[in-house]
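The chain contents come next:
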Amino acid sequence: MGVEAHATNERATGRTWTVRLDPVGRGRADVRVSCSRPACAAQVLPSAAVGRTAAVEHLKAHLRAGPAPRPSAYCACRAEECHTHIRPAGPRERPAPWRCGGAVVLAVVTDREGRWWQVMECCSRCAAAHPTAKIAATAPAPDRTAPADAFRAAAASVPTVPAVGPHFSHTASGATVPHEVPPPRAPRPTRQRARRGRIAQRFVPHELRPVALRDELTELGELFRAYQQRAEPDLAVLAGLHARKAKAFSAWAEVTADTGLRLDAERAEQAAATARLQHLHRSGQAPEGDGPAVTRLLTASAQWNHARAVLTHVADHSPLPGPEARLLVVMLTLRTAQSGVGNLVGQDLKGLPLPDPEHLVGQLVECGWLDIAGTVDELIASRPENPTRIGVPSLTPDESDPGPFTFGRKMRPKLSGWAQRVVGEKKLRKAKTAADARLLALALATGVSLDGQLGPEGEGLPLEALASWCAVTPAELLELVDRLTATDWLTEVAVTDTVLTGRLTERVLPLSCPLT
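Each chain carries its own residue numbering, running from 1 in the written order of its sequence. Where local features are concerned, this predicted model is filtered to residues with pLDDT of at least 70; where side-chain atom pairs are given and counted, the filter is 80 or more; whole-chain, interface and lining totals use all residues. Side-chain figures throughout are based on the complete set of non-hydrogen atoms in the structure, without hydrogens or water.

Asker: Explanation requested: the overall build of the protein in the structure shown.
Answerer: Counting its secondary structure elements, the protein contains 18 helices and 14 strands. Throughout, exposure labels follow a simple rule: accessible area from a 1.4 Å probe, protein chains only, divided by the maximum for the residue type, with under 20% read as buried, over 50% as exposed, and the rest as partly exposed. Counting every position in the protein, which comprises 516 residues, the buried fraction comes to 37%. The contact criterion used throughout is that any non-hydrogen atoms of two residues lie within 4.5 Å. Considering only residue pairs separated by 6 or more positions, the protein has 60% of its internal contacts joining residues 24 or more positions apart. As displayed, the protein has an accessible area near 31100 Å², and 54% of this comes from carbon and sulfur atoms. Counting from the N terminus, the helices are DSSP H or I runs at least four residues long and the strands are E runs at least two residues long. Accessible areas in this description were obtained via Shrake-Rupley with a 1.4 Å probe; residue shielding takes into account the shown protein chains only.

Here is the structure:
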């Protein structure tokens with residue numbers, strides 16, 4: 001009898017399953033969507049955006065078709081000893097105990113990058129401990145009327161016993177008056193709470209008046225959340241949303257006299273202006289009152305940041321000293337940045353201002369930084385129809401190290417083409433400027449504001465950092481600045497003991513990568 005009772009009281013462990021989004025292979029754009037449930041087959045989709053949409057729809061289909069959470073299920077998070085959200089305080093300390101409680105729910109937990117989604121049948125307290133958890137369904141409350149009904153049925157089955165005792169004068173006869181049980185109260189009608197809007201981490205009060213303002217704030221919050229789910233950004237749409245937000249928050253501040261709302265409105269106006277300006281620059285349009293817009297070789301801020309990341313990596317990991325070696329390392333890094341391998345021909349080396357390219361390539365091979373298929377002479381003699389395969393081991397990704405760069409295979413040739421345009425710019429070639437001047441041109445092209453002023457907001461660039469990048473002394477750097485000024489690269493130049501200020505000329509502004 002005791003064994004049967006134990007089996008009856010045993011609780012089933014909460015269900016859990018995971019939908020994942022993984023790359024099919026290194027250097028490929030297509031992705032694989034897989035589900036841990038045994039009946040679901042993996043599917044391959046052409047891009048991460050399409051794969052993420054398919055993964056979310058697959059998860060929603062499971063939630064719609066699957067059973068509701070069970071009220072008596074054992075918390076899945078507790079079954080895993082809460083390792084998913086409780087971390088030990090030290091390397092030798094055990095995790096703190098976690099107390100489960102509340103209704104059983106189906107919680108959807110995801111990572112911030114949107115690479116996996118996990119559904120857990122757990123208690124509401126454990127679900128609340130996950131910062132990204134969203135409740136998909138809640139188990140119904142257990143039926144508490146059954147014991148009362150059983151008690152009433154048992155009481156009704158007991159035979160009536162005649163009362164023995166005094167009969168009071170108000171009774172019509174000696175029979176006892178049965179005790180009548182009052183009928184149960186009718187359940188109170190549940191009040192439907194009005195849906196609360198949310199925008200910019202603020203809840204929109206339902207009692208906010210006028211109603212048009214409340215509805216506008218609620219709609220704006222939904223539009224911003226929908227914009228975050230877009231596969232590709234649209235700066236024109238974003239600028240319009242920020243403009244509407246600024247107007248709505250200003251009205252909200254007038255109604256409530258809240259200074260914080262007024263400050264949020266001002267920030268929204270600034271965000272709208274910035275997004276609008278970025279859209280004009282990316283689409284090749286000119287802002288009102290300005291001259292012709294700059295059509296840059298690299299058009300997006302992500303591309304500008306990647307170009308700066310490559311130059312920073314080379315400055316920190318250059319295997320040989322001197323400006324000639326550093327310039328060659330920059331160009332070879334851009335040829336092999338994405339996969340660690342690439343193709344090179346002799347003209348690529350001969351087009352650089354290097355007095356002895358064979359010697360430099362030989363030094364890079366000897367120190368182990370560069371691998372080439374064949375000899376250095378064969379590389380110098382190779383032609384476009386028969387390029388030489390090269391590799392940089394430090395840039396080759398593997399399972400433990402994805403490599404120093406995050407851009408894809410389509411971005412790499414854009415960055416490499418941009419660097420070749422800067423280094424081989426027409427007037428630099430005609431003036432026969434050396435490698436150190438070409439390195440300075442690269443540094444200045446990636447260190448300007450949108451209108452071409454050196455440094456963020458025209459504050460200038462530090463001389464020591466520029467000299468270190470060009471592998472020259474600060475005194476030699478001043479001569480390089482004069483060369484670039486003579487070749488119509490720089491104008492309005494001013495040099496102090498620590499900072500170089502000025503701006504790029506309109507001629508080379510399309511080659512710039514602004515600081516945003």
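Picking up where we left off.
Asker: Mind showing me how you'd approach unusual backbone geometry here?
Answerer: Phi is mostly negative for residues that are not glycine, and the peptide bonds are mostly trans. The residue after Arg209, namely Pro210, is reached through a cis peptide bond having omega 5°. Mapped onto the elements, Pro210 comes out in the loop between strand 8 (202-204) and helix 6 (211-228). Even without glycine at this site, Ala257 takes up a positive phi of about 55°. One can find Ala257 in the loop between helix 7 (235-256) and helix 8 (259-282). Here Ala257 falls in the exposed class, since its relative accessible area comes to 62%. Notably, Lys432 is not glycine yet its phi reads approximately 55°, a positive angle. Inspection of the secondary structure assignment puts Lys432 in the loop between helix 15 (426-430) and helix 16 (435-445).

Asker: Would you explain a negative patch on the surface in this entry?
Answerer: Taken together, the side chains of Asp356, Glu358, Asp377 and Glu378 make up a negatively charged region of the molecular surface. Following the sequence through the fold, Asp377 ends up in helix 13 (residues 376-381). Look at Asp377 and you get exposed, because its relative accessible area is 59%. Note on patches: the residues involved have over 30% relative accessible area and no salt bridge, like charges join within 9 Å, and the nonpolar side chains Val, Leu, Ile, Met, Phe, Trp and Tyr join within 5 Å. Should a side-chain nitrogen of Lys or Arg be within 4 Å of a carboxyl oxygen of Asp or Glu, the pair is scored as a salt bridge. This count recognises Lys and Arg as positive and Asp and Glu as negative, with His and chain-terminal groups excluded. Taken as the charge location is NZ of Lys, CZ of Arg, CG of Asp or CD of Glu.

Asker: What am I meant to see in the state of the cysteines here?
Answerer: A covalent bond between the sulfur atoms of two cysteines is referred to as a disulfide. Disulfide assignment relies on a single distance test, namely cysteine sulfur atoms paired within 2.5 Å. One pass over the structure, following the stated rule, counts 0 disulfides. Here Cys40 stays unpaired: no disulfide links it, and the sulfur of Cys35, its closest cysteine neighbor, is 3.9 Å away. Cysteine Cys123 is unpaired, with the sulfur of Cys126 as its nearest cysteine sulfur at 3.5 Å.

Asker: Whenever I open this one, the sheet that holds strand 12 (residues 461-462) confuses me. Can you help?
Answerer: In any sheet, the strands associate via hydrogen bonds between backbone groups, in a parallel or an antiparallel arrangement. In this description, strands pair whenever DSSP reports at least two bridges between them. Pairing is antiparallel in the open sheet, where 3 strands are placed in the order 12-14-13. Edge positions in the sheet fall to strand 12 and strand 13 (490-495), since each of these pairs with one other strand and no more. For strand 12 and strand 14 (residues 499-504), the ladder comprises 2 bridges, and the chain directions are antiparallel. The partner of Leu461 across the bridge, within strand 14, is Leu500. Think of each axis as a best-fit line through the C-alpha atoms, taken over the contacting stretch in the case of a helix, with angles from 0 to 180 degrees between the N-to-C directions. Packing of helix 18 (residues 474-486) onto the sheet brings it into contact with strand 13 and strand 14, and relative to strand 13 it is tilted by some 155°.

Asker: Help me understand the environment of Cys513, please; the structure alone is not making it clear to me.
Answerer: Inspection of the secondary structure puts Cys513 in the segment after strand 14. Residues Cys513 and Trp418, 95 residues apart in the sequence, show an inter-C-alpha distance of 9.9 Å. Residues within four places of Cys513 in sequence aside, it is in contact with Leu298, Trp304, Ala307, Arg308, Trp418, Ala445, Thr446, Gly447 and Val448.

Asker: What is the right way to read the pattern of salt bridges from this model?
Answerer: One side chain can pair with another of opposite charge once the charged atoms of both are near each other. Counted according to the given criterion, the structure contains 19 salt bridges. With a closest N to O distance of 3.2 Å, Asp264 and Arg202 form a salt bridge. Here Asp264, found in helix 8, pairs with Arg202, found in strand 8; they are 62 residues apart in sequence, far enough to count as distant. Between Asp234 and Arg230 there is a salt bridge; the shortest N-O distance is 3.9 Å. Sharing partners across several salt bridges, the network here consists of Glu425, Lys427, Asp488 and Arg507.

Asker: Sorry, what's going on with the nonpolar core here?
Answerer: Note on soluble globular proteins: their nonpolar side chains tend to be buried together. Residues belong to a common nonpolar core when they are buried Ala, Val, Leu, Ile, Met, Phe, Trp, Tyr or Cys residues joined through side-chain atoms within 4.5 Å. One finds Leu328, Leu370, Trp418, Leu440, Leu442, Leu444 and Trp489 to be the most contacted residues of the largest nonpolar core, which totals 72 residues. Looking at this core, the element that brings in the most residues is helix 16, giving 9 residues. Each residue touching Leu444, except ones within four places of it in the same chain, is listed here: Leu454, Leu461, Leu466, Leu484, Leu490, Leu500 and Leu504. Formed by 19 residues, the second largest nonpolar core is a distinct cluster that contains Val204, Leu235, Leu238 and Ala239.

Asker: I tried to follow the sheet that holds strand 11 (residues 388-391) on my own but got confused; where do I start?
Answerer: The strand order across the open sheet built from 3 strands is 9-11-10, with neighbouring strands paired in antiparallel fashion. With partners counted over all chains shown, the strands left at the sheet margins are strand 9 (341-344) and strand 10 (371-372), one partner each. Pairing of strand 9 with strand 11, which is carried by 4 bridges, proceeds in the antiparallel orientation. The residue of strand 11 that forms the bridge with Asn343 is Arg389. Against the sheet, helix 10 (residues 323-336) makes contact with strand 9 and strand 11, and its axis sits at roughly 120° relative to strand 9, the strand it touches most.

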